[in-house]
Amino acid sequence: MTELDSTKPSERKEKTECGAFGPLNARKAVAPLNRSTETLSKLALFIRFLKPVTWIPVMWSFLCGAVSSGRFGWEHLAESKFLLAMLLTGPLATGTCQMLNDYFDRDLDEINEPGRPIPGGAISLRNATILIAVWSVLSVIVGYLIHPLIGFYVIIGIINAHLYSANPIKLKKRLWAGNIIVALSYLIIPWVAGEIAYNPGLNLDNLQPSLIIAAMYTIASTGTMTINDFKSIDGDRMAGIRTLPAVFGETNAAIIAAVLINLGQILASAWLLISGQTLYAWLAAALIVPQFLLQFSLVRSPRTMDVRYNAIAQNFLVAGMLVCALAIKATRP
């Protein structure tokens, strides 16, 4: 499935500097970093390339959409449609987008994360291209099998991944645009896909509650995406990547992220309250409190608290998404 790149380190560096991104002079300003000598099996290396930790938010968004449809229950968990959906939203579609990101960010990863499979030399560019092409086709096919419209959504998601990572557009360099398009792909698209998968007769009017809630949680997710940028702030500044931490500094970016995270969830709770779902509204609002408390530590030390914050606070945010999905389900006939 993959092969070790036999290219010499000096040759690989020359190829990278003259690759699709052109020269990245920032690499010359940092000391050479030792590459990992860890030997992985081909399967383990491939799974690492797919980044399983990134699958969970997309799978959860699909689940919330399915619950919102009003036609999804525990009995559906073992059905082929749900299993295909988890395969699609996890290792297939999300995995494809992660491989694309690594492929287009290989120069930047030479600075920020040199141990990743491509900059580390564990996967050659040729094999990465083949894997991405095969996985893209499989993703579209599986999406179509669930529902033809979902196959179309998968294509949109793959296009978004190119817009996010690939030059000359590379939205991740354009401050807000990168985080917004990722949040859109991770939240709104899979949420709507979950609704359509279990209630194909939905129209735009019936989808409106889910679109509103998903849009509000997209605001919150834009904040969580900002937190992911703290780990690469040095390399981003050198390469001219305009993330919020790189532009506004760590503390200001952490404050902006916290405001977005809280604002999106407060708006979702307020919408539930206005819609008459009082119990669900207060429950969703209560789930904001532990996140708010954790944000004080995040703002004090963004670089050391980013991973811990996401590991703990994200649980309350996704729980709020499910609460909102149940509230929408309660309004379905």
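Residues numbered from 1 in each chain as written. Predicted model: local features only at pLDDT ≥ 70, side-chain atom pairs only at ≥ 80, totals over all residues. Heavy atoms only, no water.

A word on unusual backbone geometry. Residue Pro-168 is bonded to the preceding Asn-167 through a cis peptide linkage, with omega at 5°. Along the polypeptide, Pro-168 turns up in the loop between α7 (148-165) and α8 (176-198). Despite not being glycine, Lys-51 has its phi angle at roughly 55°, a positive value. Here Lys-51 lies in the loop between α2 (42-50) and α3 (55-68). A positive phi angle, near 40°, is found at Lys-170, a position not held by glycine. As for its position among the elements, Lys-170 is in the loop between α7 and α8. In this structure Lys-170 comes out as buried when scored by relative accessible area, which is 5%. (Helix = DSSP H or I, 4+ residues; strand = E, 2+ residues; numbered from the N terminus. Buried < 20%, exposed > 50% of the residue type's maximum accessible area, 1.4 Å probe, protein only.)

This brings us to the packing of aromatic side chains. All chains considered together, the criterion is met by six aromatic pairs. Here Phe-46 and Trp-135 contribute two aromatic rings whose centre-to-centre distance is 5.0 Å and whose plane-to-plane angle is 90°, an arrangement assigned as edge-to-face. Note that Phe-46 is positioned in helix α2 and Trp-135 in helix α6 (residues 125-146), a separation of 89 residues in sequence. Trp-135 shares its class with Phe-46; the two are buried. A centroid spacing of 5.2 Å and a plane angle of 80° characterise the contact between Phe-292 and Phe-296, whose relative ring orientation is edge-to-face. (Phe/Tyr/Trp six-rings, centres within 6.5 Å; stacked < 30°, edge-to-face > 60°.)

A word on the packing of helix α4 (residues 80-104) against α8. Running from N to C, α4 and α8 point in directions that differ by 155°, and their axes come no closer than 12 Å. As the angle between them shows, α4 and α8 are arranged roughly antiparallel. Between α4 and α8 the crossing geometry is right-handed. Residues Lys-81, Phe-82, Thr-94 and Gln-98 of α4 form the contact with α8, whose own contacting residues are Tyr-186, Ala-197 and Tyr-198. Grouping the constituent residues of the contact of α4 with α8 by class yields four nonpolar, two polar and one charged. (Axes fitted to C-alpha atoms, helices over the stretch in contact; angles between N-to-C directions. Parallel < 35°, antiparallel > 145°, perpendicular 65-115°, else oblique. Left-handed = near helix turned anticlockwise from the far one by under 90°. Contact = heavy atoms within 4.5 Å. Nonpolar A, V, L, I, M, F, W, Y, C, P; charged D, E, K, R; others polar.)

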